[in-house]
Every structure is written in structure tokens, then in C-alpha cells.
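A structural walkthrough
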Amino acid sequence: MIGAVVGRCPACGAPGAFDGVYRLRPRCARCGVVFERDGGTWLGAAALAYALAVVAMGLFAWATVPGRGLYAGLEFWLVGVAVATVVLVYRPVKGWWLWVTWAAGWVHRDGEDPEGASATPGGGRP
Ligand SMILES: [Zn+2]
């Protein structure tokens, strides 16, 4: 689980799945699995990061509003908390999401599609 959020390859555990702050390499340098098979693979990670931002805003409001009421500048604090949360959590969430897609069978080497193998029982012989 820790390996997921620090950017290790889910297939072989090699470090360095990321080659930028938020950008993943196209494939693992050690074992060759392709990290992104389809466009839109990372929408789930983005949605999860946004959901965590909403939770963080809720916690911030829960911690500050009861004592002070709806104070001036609250909306700016909430926006700041949301932006800071997304900036901080998107990378570990994306690393974790990579492991989720791997567990779902979407991250594999070329020619090793587990769904394709099961879809053609008998190996596709005539
Ligand atoms: Zn690997």
C-alpha cells in the first residue's frame, strides 16, 4: 500500500513510476508494463482527489464555522483548502489509482491482455 502512494510499479515494485510531479512514465523501466492503456485512465484519480478536496473543505468548515459563524473571507479559505488538497494529494492518489488499474487487469505488458486470453478459449486455433 505504501508502494502505491510513493510511485512504485504495481507489477514488479520498481521505484520511479513517475517522471514528473504528476506525470507517469509510459511504461515501467524494469518490467515493461504499460501504465496507461486508454485515454482517460486518470479520470478516476482526479475525481478521487476532488472528492478529498470536498472532504477537506468540510472538515475546515466544521472546525472554524461553529466558533465564528459564517465569517468574512470563509469562501477564500475554502477555495485555498480545496486547491492545496488537490495539489498535495493528486500524486499519491494517482499512484494508488495506478495500482487499482493494475489490480483490475488494465496494466500489463504488450501481448499479455488477461481479458483477451480469456475471451478466446483454446488459443484461437481453427
Ligand atoms: Zn515494473
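Please refer to the structure higher up on the page.
Quick summary incoming for the structure in this document. Every value quoted in this text rests on a predicted model; they were computed, and no experiment measured them.

Per the secondary structure count, the protein chain includes 4 helices and 0 strands. Taken over 126 residues, the protein chain has a buried fraction of 19%.

Another point: the environment of Phe60. Note on placement: Phe60 falls in helix α2 (residues 43-68). Spatially, the C-alpha atoms of Phe60 and Ala82 are 9.8 Å apart, while their sequence positions differ by 22 residues. Among residues more than four places away in sequence, those in contact with Phe60 are Trp77, Leu78 and Val81.

With respect to the helices and strands, Ala17 occurs in the loop between α1 (2-5) and α2. Along the sequence, Ala17 and Cys28 sit 11 residues apart, while their C-alpha atoms lie 6.4 Å from each other. Residue contacts for Ala17: discarding those within four places in its chain leaves Gly7, Arg8, Cys9, Leu24, Arg25, Cys28, Phe35, Gly95 and Leu98.

What counts as what
Residues numbered from 1 in each chain as written. Predicted model: local features only at pLDDT ≥ 70, side-chain atom pairs only at ≥ 80, totals over all residues. Helix = DSSP H or I, 4+ residues; strand = E, 2+ residues; numbered from the N terminus. Buried ≥ 20, exposed ≤ 12 C-beta atoms within 10 Å, placed from the backbone. Contact = placed C-beta atoms within 7 Å.

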